[in-house]
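Chain by chain, the residues:
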Amino acid sequence: MNAAKSLRRVAIAVMAVLVVLLASCAQIPRSGPVGKSKDESAGNSNAPVFFPAAPRAGASPEAVIEDFYMAGSGYEDDYPVARQYLTQAQSVTWKPDKRALVFREAQVVKTAVENEYVYELDLAYSVDADGIATQYPPGTKESIPVTLDQVEGEWRISKVPDGTAIPEETFKVIYGAYPIYFYDPTFTYAVPDYRWFIKKKTVKSMTSALLAGPAPYLRGAVVSAFPSGIKLARESVPVVSGAAQVDLSAKELFDASAEDRQRMQNQLALTFRSQPDVINVQLRADQDLVRVDDDGSVLPPVVDKSVPARQIAVNNGDLVRYENNRVSPLPDIQSVAGLGPHSPAESPVSQTAAFLNGDRTTLYSIEPGQPARQLTTRSTLTGPSFSPQDWVWTAGPGANGATEIVAFKPTGVAQGMAIPSATITPAWLSGRTVKEFRVSREGARALIISVASGKTAVQVAGIVRNPDGTPKDLTAPVTLFTNSSPDQGAWVNGSTVVVMAASATGTVVPELLSLASGDPQQLAPWDGLTSLSAGNGSEQIYGQSAAGVFQRVGNGWELQLKGPTEPAFPG
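Quick look at the structure, then. These numbers come from a predicted model, not from an experiment.

### Regarding the overall build of the protein
Piece 1. When helices and strands are tallied, the protein shows eight helices and 41 strands.
Piece 2. Relative to the compact-globule value of 25 Å for 571 residues, the protein shows a C-alpha radius of gyration of 27 Å, a close match.
Piece 3. A separation threshold of at least 6 residues defines the contact pool for the protein, and within that pool the share at least 24 residues apart is 55%.
Piece 4. Counting every atom, the protein has about 24,200 Å² of accessible surface; 51% of that belongs to carbon and sulfur.
Piece 5. If the 49 positive side-chain charges of the protein are averaged to one point and the 57 negative ones to another, these points end up 1 Å apart.

Following this line, the structure appears as structure tokens:
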């Protein structure tokens, strides 16, 4: 793309955006027929509003195509300016909300066919109608075919695919990442599913996405209180005096149990909690209010489950507890010094611990008052990780060398009895070597760091379970982008992980990767970090080197204690 075109694009983008402050936080929608009411206040009232340029007389086909896509930033009132660049027939059929393509650079390329062009993008993201975003590395090409005709002497677009294409800088201004919430299969925990929506249209978009179900990487791992087939009874979700009025198809709503309706309301309330205008939720059936009585039988799900403040660690060749910057013995746990423990982990719900042996080929578990038990032996294993369901996970090659994910549930199993176990061989991990496997705090997802052909991938997959809770499979993952090739990682909260490439001799730069952002956040560099742990939030990140255990403090690292190694919070 030449400099003139780049300058014109930036000028249009900068000059077009105006911030419009609405007068009230919650407005009653305009009157109108059922199914056509407006939800004007259902979103961020302070979100920027773009007023793109209308078609210019005598503009060339290339300029019309560029200006049409620039006008895709003018979303209010159903993209009226963008439609001016289309022929009348195309204007009627074009569906801009079908998807959004977000580009770093773009150029118009003439094809060999008369009046046919392609809009060639260096694609950064694609966002579908349900707000599911897919990120792409630089150099990813996407070509949009465009056909133009002359209408009264001016070039207009007569054929173009549904959707919009906008510059990355514009996308980050008018779109935001918002969590919609589903449940783990026991309805105990809330699981965030981040979606990208236009900031001024969030409440309706969130509701539609919630009813459509979880993103692909969570399907089968989470559940919804809303039954399949339930729909909005009208095309809006108005917010009236702080109440989001969610009008649903009557049959499915009335067929649901009182318990399920309570869970529906809880699910919506969690999803809307990022919206300042929404104070509560009303379920409606064809506009009639459906009373949801809370008798206390349905507990709201745990959101962003926390972990205990203590850490398990290795000190003087044995397992210890590291808490309040002091080291103490693990309560009632026998010494395992003879096994050379490494990579320790502790259950967040019981006193069961797990660890690897010195050469990281054998996984052991240990409970209070009992000797350590061998769970599996392989040529190499990842450090163990516990779920809140008390399954302990690791990964390593199976008998035929293929990567396997294995889980065991040793808690409460008497000595000599068989320990429940599960072996998973996801097709997408074929040919990959797993470096890290960490179960999320609510147990519905896993962080997997793996390598193939020298290339590292940091991914999050859903954990699919049988009805009895036994692990069954991992979903096809979503990939988190990183600027490094990490081999360690830990969950910081429900949406963020911290990763790093460990090095005993070099400078290490840990990164925060978020499901709510495509941009990694680099933490302060530190020399010789060989292990990493995270508690509740980004200020409770710990790194360990030969010099001791350090905690992240502001933009740096502060020495806590010398001695313990490989500290890990429960989980």
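What follows picks up the thread again.
### A closer look at unusual backbone geometry
Piece 1. With phi around 80 degrees, Gln287 is a residue other than glycine that occupies positive phi space.
Piece 2. The residue Gln287 is located in the loop between strand S13 (280–285) and strand S14 (288–290) in this model.
Piece 3. For Asp304, which is not a glycine, the phi torsion comes out positive at approximately 50 degrees.
Piece 4. Positionally, Asp304 belongs in the loop between S14 and strand S15 (311–315).

### Comments concerning helix H8 (residues 258–271)
Piece 1. If you check H8, its first and last C-alpha atoms are 20 Å apart, about what 14 residues at 1.5 Å a residue would give, namely 20 Å.
Piece 2. Most of H8 is tucked away: 10 of the 14 residues are buried.
Piece 3. Of the positions making up H8, those classed as buried are Arg261, Gln262, Arg263, Met264, Gln265, Asn266, Gln267, Leu268, Leu270 and Thr271.

### So, the sheet that holds strand S34 (residues 511–514)
Piece 1. Taken together, the four strands give an open sheet; going across it, the order is S31-S32-S34-S35, and neighbouring strands pair in antiparallel fashion. Across the chains shown, the open sheet's two edge strands, defined by having one partner strand only, are strand S31 (488–491) and strand S35 (517–522). Strand-to-strand twist in this sheet, taken as the mean axis angle between neighbours without regard to direction, amounts to 25 degrees.

### Let's talk about the environment of Arg273
Piece 1. With respect to the helices and strands, the residue Arg273 is situated in the loop between H8 and S13.
Piece 2. Taking the C-alpha atoms as reference points, Arg273 and Tyr178, 95 residues apart in sequence, are found 9.9 Å from one another.
Piece 3. Once you skip the residues sitting within four places of it in the chain, Arg273 turns out to touch Tyr181 and Val303.

### Points about the pairing of strand S25 (residues 421–424)
Piece 1. A one-sided burial pattern is seen for S25, the buried positions being Ala422 and Ile424 and the unburied ones Ser421 and Thr423.
Piece 2. Bridging between strand S24 (residues 403–408) and S25 involves four bridges; their strand directions are antiparallel. Within S25, the position partnered with Ala407 by the bridge is Ala422.

### Focus on the sheet that holds S15
Piece 1. The sheet built from four strands is open, its strands ordered S17-S16-S15-S41 with antiparallel pairing. The open sheet has two edge strands with one neighbour each: strand S17 (326–329) and strand S41 (565–568). Between one strand and the next, the sheet's axes are offset by a mean angle of 35 degrees, whatever the strand orientation.
Piece 2. Bridging between S15 and S41 involves two bridges; their strand directions are antiparallel. Within S41, the residue paired with Val314 across the bridge is Thr565.

### Structural notes on the side chain of Asn357
Piece 1. Turning to its location among the elements, Asn357 is positioned in the loop between strand S19 (353–356) and strand S20 (362–366).
Piece 2. One polar contact links Asn357 to Asp359, side chain to side chain, over a distance of 2.8 Å.
Piece 3. Beyond its immediate stretch of four places on either side in the chain, Asn357 contacts Leu339, Gly340, His342, Thr362 and Tyr364.

### Comments concerning the nonpolar core
One broad trend across soluble globular proteins is that nonpolar side chains are buried collectively.
Piece 1. Phe226, Leu248, Leu268 and Phe272 are the most contacted members of the largest nonpolar core, which totals 48 residues.
Piece 2. Here the element with the most residues in this core is helix H6 (residues 202–212); it accounts for five residues.
Piece 3. Not counting residues up to four positions away in its chain, the partners in contact with Phe226 are Leu210, Leu211, Leu248, Met264, Gln267 and Leu268.
Piece 4. Membership of the second largest hydrophobic core comes to 42 residues, among which are Leu121, Ile144, Val160 and Ile198.

Cut-offs applied
- Residues numbered from 1 in each chain as written.
- Predicted model: local features only at pLDDT ≥ 70, side-chain atom pairs only at ≥ 80, totals over all residues.
- Heavy atoms only, no water.
- Helix = DSSP H or I, 4+ residues; strand = E, 2+ residues; numbered from the N terminus.
- Rg over C-alpha atoms; globule rule 2.2 N^0.38 Å.
- Contact = heavy atoms within 4.5 Å.
- Areas by Shrake-Rupley, 256 points an atom, 1.4 Å probe, with all protein chains shown as cover.
- Lys, Arg positive; Asp, Glu negative; His and termini not counted.
- Charge placed at Lys NZ, Arg CZ, Asp CG, Glu CD.
- Expected span 1.5 Å × (residues − 1).
- Buried < 20%, exposed > 50% of the residue type's maximum accessible area, 1.4 Å probe, protein only.
- Pairing = 2+ DSSP bridges.
- Axes fitted to C-alpha atoms, helices over the stretch in contact; angles between N-to-C directions.
- Polar contact = N/O pair within 3.5 Å; in protein donor to acceptor, adjacent residues only side chain to side chain.
- Core = buried A, V, L, I, M, F, W, Y, C linked by side-chain atoms within 4.5 Å.

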